[in-house]
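# Geometric and topological summary
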Amino acid sequence: MFSIKKILILCGLLTSTQIFALPQDSRRAGGIAVIPLSQNISEVKYKDQPILITQPNTQRYAIFGIPLSTPVGSLELQTNAQPIQIEVKPYKYAEQRLNVKNQDYVNPQQEQLDRYAIEAKEQNDIYTSFSPAQFSDFPNFIRPTAGKFSNSFGRKRFFNGEERAPHSGLDIPAPVGQKVVAPASGVVVGVGDYFFNGQTVLVDHGQGLISMFCHLSKINVVKGQKLTQGEVLGLVGKTGRVTGPHLHWGMSLNNARVDPQLFLNQ
Ligand SMILES: [Zn+2]
């Protein structure tokens, strides 16, 4: 069966060599809005954060990440011309109750909290960065590792009964040592061994689109390294706060953690 997207891809192939790749439009907290722009709009912002713009054909699009904390209702984006209204729809994420034995991960000591504050700032600086990239073709993402995708993004989490921040990525259970590849080309902007996330790699794909790979057993890249799609960046592991070996794959767009599955073609 042909989806509209596939038909668009075929039309694109018939008229030019460009492949029409855009993420899926899902207007919910933690989702993505794919917004066709009128001719006069060349710049879009949300709370002073610039928004990714791509032009796969004659139409230009803003690709906006909707933060997980966004309430249901309308939201306004600023542009160089008229503002854009977005309707954020309700969406029910699953709940997860975990028993974490290591108390340091449930109620960290002051020393660990200090360490986490430094790490969080380091990661926030990366998420709020905006490196120029001309997306004539939006990156056509591939899966970073093999395995069954749990529907874990956005889950409300309770550790030993206490509510914590919702899960900001997608967990892919996989054996320790399995290869993790770059889902699209980019530049390694962060490499670290973090308290919660364990051995981690962050990749900048341009215009505020950042991917994150956590709990690795081995890191194969260094900061500043350019990666092509499919290149091995590390191996699956169980470092940091985990209950078993898996890859935590996070995607951030305009500093909003969004569902990585929306970047994969169906
Ligand atoms: Zn995770």
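The protein chain is annotated in an unreviewed UniProt entry as M23 family peptidase of Acinetobacter sichuanensis.

Attention shifts here to the UniProt feature "domain: Peptidase family M23 N-terminal" (unreviewed entry) in the protein chain. Cross-referencing UniProt, the feature "domain: Peptidase family M23 N-terminal" (unreviewed entry) maps to residues 30–81 in the present numbering. Taken end to end, residues 30–81 is 0% helix and 48% strand, and its two terminal C-alpha atoms sit 26 Å from one another.

With that settled, the discussion passes to the domain arrangement of the protein chain. Taken as a whole, the protein chain is organised into domain 1 (4–88) and domain 2 (95–263). Taking the mean C-alpha position of each, domain 1 and domain 2 sit 24 Å from one another. Contact residues are listed per partner, giving 25 residues for domain 1 and 26 residues for domain 2. Summing both partners gives a buried area of about 2000 Å² for domain 1 against domain 2, and 60% of it is carried by carbon and sulfur.

Let us now look at the layout of surface pockets. In this model, the largest pocket occupies a volume close to 970 Å³. Lining the largest pocket are 39 residues, and of these Arg157, Ser168, Asn197, Arg241 and His248 sit closest to its centre. Residue assignment for the lining of the largest pocket shows that the elements contributing at least two residues are strand 8 (95–98), helix 2 (103–106), helix 3 (110–127), strand 9 (156–159), strand 11 (170–173), strand 15 (209–216) and strand 19 (246–253). Looking at which element gives the most residues to the lining of the largest pocket, the answer is helix 3, with six residues.

Around the zinc ion, the donor atoms from the protein are His167 (NE2), Asp171 (OD) and His248 (ND1), and they sit 2.1 to 2.2 Å away. We note that the donor set of the zinc ion lies within a single chain, spaced as H-x3-D-x76-H. Here His167 is found in the loop between strand 10 (162–164) and strand 11, whereas its partner His248 is found in strand 19, with 81 residues between them in sequence. As far as the burial class goes, His167 and His248 line up, both buried.

Side-chain positions along a regular strand alternate between the two faces of the sheet. Most of strand 15 sits inside the fold, with eight of its eight residues counted as buried. Pairing between strand 14 (residues 198–206) and strand 15: six bridges, direction antiparallel. Bridge pairing in strand 15 places Gly206 opposite Leu209. Between strand 14 and the antiparallel strand that follows it, strand 15, lie two residues; Gln207 among them carries a positive phi value of about 55°.

Criteria and cut-off values
Throughout this description, residue numbers start from 1 for each chain and increase along the sequence as written. Local features are withheld for residues below a pLDDT of 70 in this predicted model, meaning they are given only at 70 or higher, and side-chain atom pairs are given and counted only at 80 or more; totals for whole chains, interfaces and linings count all residues. To obtain the side-chain values, all non-hydrogen atoms of the structure were included, while hydrogens and water were left out. UniProt positions are given in the numbering used here, feature names are shortened, and annotations may be inferred rather than shown by experiment. Put simply, DSSP marks the helices as runs of H or I at least four residues long and the strands as runs of E at least two long, and each gets a number from the N terminus on. In this entry, domain limits derive from an automatic or database-based domain assignment. In this description, contact between two residues means that some pair of their heavy atoms is separated by no more than 4.5 Å. Here the buried area means the combined drop in accessible surface, using a 1.4 Å probe, for two parts upon being joined, counting both sides. In this analysis a 1.4 Å probe is tested at points of a 1 Å grid over the protein atoms alone, and where it fits but cannot get out there is a cavity; an open set with protein on both sides within 12 Å along at least five of seven lines is a pocket; lining residues have an atom within 4 Å of a point. Grid points are joined across faces, edges and corners, and a volume is the space filled by probe spheres set on the points. Donor atoms (N, O, S) are those found within 2.8 Å of the metal centre, with the cutoff raised to 3.2 Å for Na, K and Ca; water is not part of the atom list, so apparent gaps in a site can occur. Buried, partly exposed and exposed residues are distinguished by accessible area as a fraction of the type maximum, computed with a 1.4 Å probe on protein chains only: under 20%, between the cut-offs, and over 50%, respectively. In this description, strands pair whenever DSSP reports at least two bridges between them.

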